[in-house]
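One letter stands for each residue in the lines below.
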Amino acid sequence: MTNATGFAPRAVLADRLRTHGLATNAALVAGGALFTAAMAQLEVPMWPVPITGQTLAVVLVGATLGARRGMLALLVYAVAGLAGAPFFADMTGGLQALAVPSFGYVIGFIPAAGVVGWLARRNWDRHVGRAAVAMLLASAIPFVTGLPYLAIVLGQLGAPNDLQSVLAAGLYPFVVGGIAKALIAAGILPLAWKAVGRR
């Protein structure tokens, strides 16, 4: 069953590829993980949480690949980084990343990609307004895991980890940038759909 444009309903951008199958899906997942790793190197060094391009990568990967492939791509990203691949900010990797205050955000990237991918399957990525809502929602999810993780690690390091200190270190500096990245993604995705439609 197709819609008026000839596309299957509930499709994401990756579904517009000419080839399908296990190899294609594996390549898409690997590409999503590598793209996130590359965006992690776009960094403004800060302690305890740096500003990076990861959040933009997460919403783009999730929306482009869909929930399952998007979550798998971010899971591969996290596992490969923990295994030693230099995927995290500042080209770091290895199990020592578990002791980094910002690792909780990496955990949150996985459900964030799932949520935005689920919304993209329901066409939320095709119009700027709804895309902006989807991207903002997904961008907020890593804070759900990131802030408690940050509080725990700061406490282990002997640094202040009361609520206000954690919010000042792990939330407030990222609000404006998070909104900007969500709006960038919300602008890119509808344009990508228009380009696909013209093809």
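Naming follows an unreviewed UniProt entry, where the protein appears as Biotin transporter of Curtobacterium citreum. Under the heading Subcellular location (unreviewed entry), UniProt records this for the protein: "Cell membrane".

**Q** Give a detailed account of the environment of H20, specifying residues and quantitative values.
**A** In this fold, H20 is placed in the segment before α1 (22–40). When its relative accessible area of 57% is taken as the criterion, H20 is described as exposed. Each C-alpha atom, one on H20 and one on A113, is 21 Å from the other, the two residues being 93 residues apart in sequence. Within the local environment of H20, its side chain forms a polar contact with the backbone oxygen of L17, the two atoms lying 3.0 Å apart.

**Q** Let's hear about the packing of aromatic side chains: which residues, and what values?
**A** Inspection of the entire model under this criterion finds 5 aromatic pairs. When the ring of F88 is compared with that of F103, the centres are 5.9 Å apart and the planes differ by 75°; the resulting orientation is edge-to-face. On the criterion of sequence distance, the pair formed by F88 in the loop between α3 (67–82) and α4 (103–121) and F103 in helix α4 is long-range, its members being 15 residues apart. Summarising the burial analysis for this pair, F88 and F103 share the class buried. With 6.0 Å between their ring centres and 55° between their planes, F103 and Y149 make a pair best called tilted. Of this pair, F103 sits in helix α4 while Y149 sits in helix α5 (residues 128–156), and the two are 46 residues apart along the sequence. The exposure classification of F103 matches that of Y149, with both residues buried. Site record: aromatic cluster; members linked through ring pairs are Y77, F87, F88, F103 and Y149. One cation-aromatic arrangement involves R126 over W193; the distance from NZ or CZ to the ring centre is 3.7 Å.

**Q** Give me the lowdown on the environment of M135, citing residues and values where you can.
**A** Examined against the element boundaries, M135 turns out to sit in helix α5. In this structure M135 comes out as buried when scored by relative accessible area, which is 1%. Expressed as a C-alpha distance, the spacing of M135 and L60, which sit 75 residues apart in the sequence, is 8.7 Å. When near neighbours in sequence (up to four residues on either side) are disregarded, M135 contacts V59, A63, V116, A182, A185, A186 and L189.

**Q** Any details on the pattern of salt bridges? Residues and values, ideally.
**A** Applying the stated rule across the entire model yields 2 salt bridges. The shortest N-O distance in the salt bridge between R69 and D15 comes to 2.8 Å. Taken together, the residues R69 in helix α3 and D15 in the segment before α1 connect sequence positions 54 residues apart. Each member of the pair, R69 as well as D15, carries the same accessibility label: buried. The salt bridge partner of D15 is R121, with a shortest N-O separation of 2.7 Å. One end of the pair, D15, is in the segment before α1; the other, R121, is in helix α4, with 106 residues separating them in the sequence. Through salt bridges with shared partners, one network takes in D15, R69 and R121.

Thresholds, definitions, all that
- Residues numbered from 1 in each chain as written.
- Predicted model: local features only at pLDDT ≥ 70, side-chain atom pairs only at ≥ 80, totals over all residues.
- Heavy atoms only, no water.
- UniProt positions renumbered as here; feature names shortened; annotations may be inferred.
- Helix = DSSP H or I, 4+ residues; strand = E, 2+ residues; numbered from the N terminus.
- Buried < 20%, exposed > 50% of the residue type's maximum accessible area, 1.4 Å probe, protein only.
- Polar contact = N/O pair within 3.5 Å; in protein donor to acceptor, adjacent residues only side chain to side chain.
- Phe/Tyr/Trp six-rings, centres within 6.5 Å; stacked < 30°, edge-to-face > 60°.
- Lys NZ or Arg CZ within 6 Å of the ring centre and 35° of its normal.
- Contact = heavy atoms within 4.5 Å.
- Salt bridge = Lys/Arg side-chain N within 4 Å of Asp/Glu carboxyl O.

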